[in-house]
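Descriptive analysis of the structure
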Amino acid sequence: MTHNSGTLFIVSTPIGNLADISQRAIDTLKQADIIAAEDTRRTGQLLSHFGINTKQIALHDHNEEKKVPHIIDSICNGQTIALVSDAGTPLINDPGFNLVRAALEANLIVVPVPGPCSPIVALSVSGLPTDRFIYEGFLPAKQGARIKHLDSLTKEPRTLLFLESSHRIVASLKDMQVTFGEQRVAVVARELTKTFETIKKAPLTELIAWIETDPNQTKGEFVIVVDGFDKAVSDKSEVEAENIIKTLLEEGIGVKQTSTIAAKLTGKKKKEMYNLALELIE
Ligand code: SAM
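Attention in this report is confined to the structure presented alongside it.

Reading guide: rules and limits
Residues numbered from 1 in each chain as written. Predicted model: local features only at pLDDT ≥ 70, side-chain atom pairs only at ≥ 80, totals over all residues. Heavy atoms only, no water. Pairing = 2+ DSSP bridges. Helix = DSSP H or I, 4+ residues; strand = E, 2+ residues; numbered from the N terminus. Axes fitted to C-alpha atoms, helices over the stretch in contact; angles between N-to-C directions. Contact = heavy atoms within 4.5 Å. Parallel < 35°, antiparallel > 145°, perpendicular 65-115°, else oblique. Left-handed = near helix turned anticlockwise from the far one by under 90°. Nonpolar A, V, L, I, M, F, W, Y, C, P; charged D, E, K, R; others polar. Core = buried A, V, L, I, M, F, W, Y, C linked by side-chain atoms within 4.5 Å. Buried < 20%, exposed > 50% of the residue type's maximum accessible area, 1.4 Å probe, protein only.

Overview of the sheet that holds strand β2 (residues 34-37)
Judged by pairing direction, the sheet is parallel, and its five strands sit side by side in the order β3-β2-β4-β1-β5 without closing on themselves. Here the strands that pair on one side only, and so sit at the sheet edges, are β3 (55-58) and β5 (109-113). Geometrically, the sheet is characterised by an average inter-axis angle of 25° between neighbouring strands, direction not taken into account. The pairing of β2 with strand β4 (residues 81-84) spans four bridges and is parallel. Within β4, the position partnered with I35 by the bridge is A82. Strands β1 (7-11), β3 and β4 of the sheet are contacted by helix α3 (residues 64-76), whose axis makes an angle of about 145° with β4. Across the face of the sheet, helix α4 (residues 97-105) comes into contact with β1, β4 and β5 while running at roughly 150° to β1.

This is how it looks when you write it as structure tokens:
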């Protein structure tokens, strides 16, 4: 860095409602020499709405590596660059990581201009614990990989945040139901800040039933917020499951049917109930 270097601004933009842009974001975008945008056409619409004429260049996942050295050079030569993504906070499942890292390595000044970020917006209205949470971004597209990943999170005590698209919302909720259990509470936050904003909180089974009865609920953009694993609840339901299984076995009901009924009543996995029944019968 020289004392004549410019600055890299990381500018958050609205996730739907244009009125959510900050005055500081507008000023920064107006005053920048260049706006590096994920999609110049999309950002063009935002800029024309606010009467901003700053020159744009494209910076997306496919050209970031090639473009970063040029952008760093221009900042070193005194230019001010504002990075934006299509919506929300850049770098959060959006391009910009390589640029920010390179700018810091070159001792350049990187300044945040904060604003909307869909996972945080969803968390803030979820009514689930906000003191500790983990951000998981998008789940894998293939079901096998998705279930494997969800399996690794079943005992995670912090609130979990996922992004999801309209064509996988139901499949992902169903896989969460299988891995986290039917009674785990989750929140589907759809079309945040937009006309059809919907925020629904319920146990996973109820959420799936609700979404499947209204096809409109599968449209748009989604964040899923899931309650973390609660050991106390899990221990209590373990005792309840044992009692149910014992009663059914005492009534002379077979292991298979017992595990089916116990899984229905407790929301636990059938295989887990089957193994527990086998243990209890011994
Ligand atoms: N960087 C962005 C942010 O800060 O919100 C996230 C970018 S990621 C490529 C796009 C995903 O974010 C969407 O598929 C959806 O899961 C989520 N998302 C973005 N806008 C949303 C909105 N208005 N309502 C719900 N989810 C949204």
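Let's talk about the packing of helix α10 (residues 255-266) against helix α11 (residues 270-281)
One can describe the packing of α10 onto α11 by two numbers: an axis separation of 8 Å at closest approach and a directional angle of 125°. In terms of axis orientation, α10 runs oblique to α11. The way α10 lies across α11 gives a crossing that is right-handed. Residues V255, K256, S259, T260, A262, A263 and T266 of α10 form the contact with α11, whose participating residues are K270, M273, Y274, A277, L278 and I281. The residue makeup of the contact of α10 with α11, split by class, is eight nonpolar, three polar and two charged.

What to know about the packing of helix α7 (residues 169-180) against helix α8 (residues 204-213)
Contact geometry for α7 and α8: axes closest at 9 Å, N-to-C directions at 160°. Of the possible angle classes, the one that applies to α7 and α8 is roughly antiparallel. Where α7 crosses over α8, the two elements pack in a sense that is left-handed. Contacts between α7 and α8 involve I169, V170, L173, K174, M176, Q177 and F180 from the former and L204, T205, I208, I211 and E212 from the latter. For the contact of α7 with α8, the per-class residue count stands at eight nonpolar, two polar and two charged.

Points about the nonpolar core
Residues F162, L173, M176 and V226 are the most contacted members of the largest nonpolar core, which totals 21 residues. If you list the elements that add at least two residues to this core, you get β7 (159-164), α7, β8 (185-190), α8 and β10 (222-226). With five residues, α7 is the largest single contributor of residues to this core. Non-local contacts of L173, meaning those with residues more than four positions away in its chain, are made with V188, L204, I208, I211 and I224.

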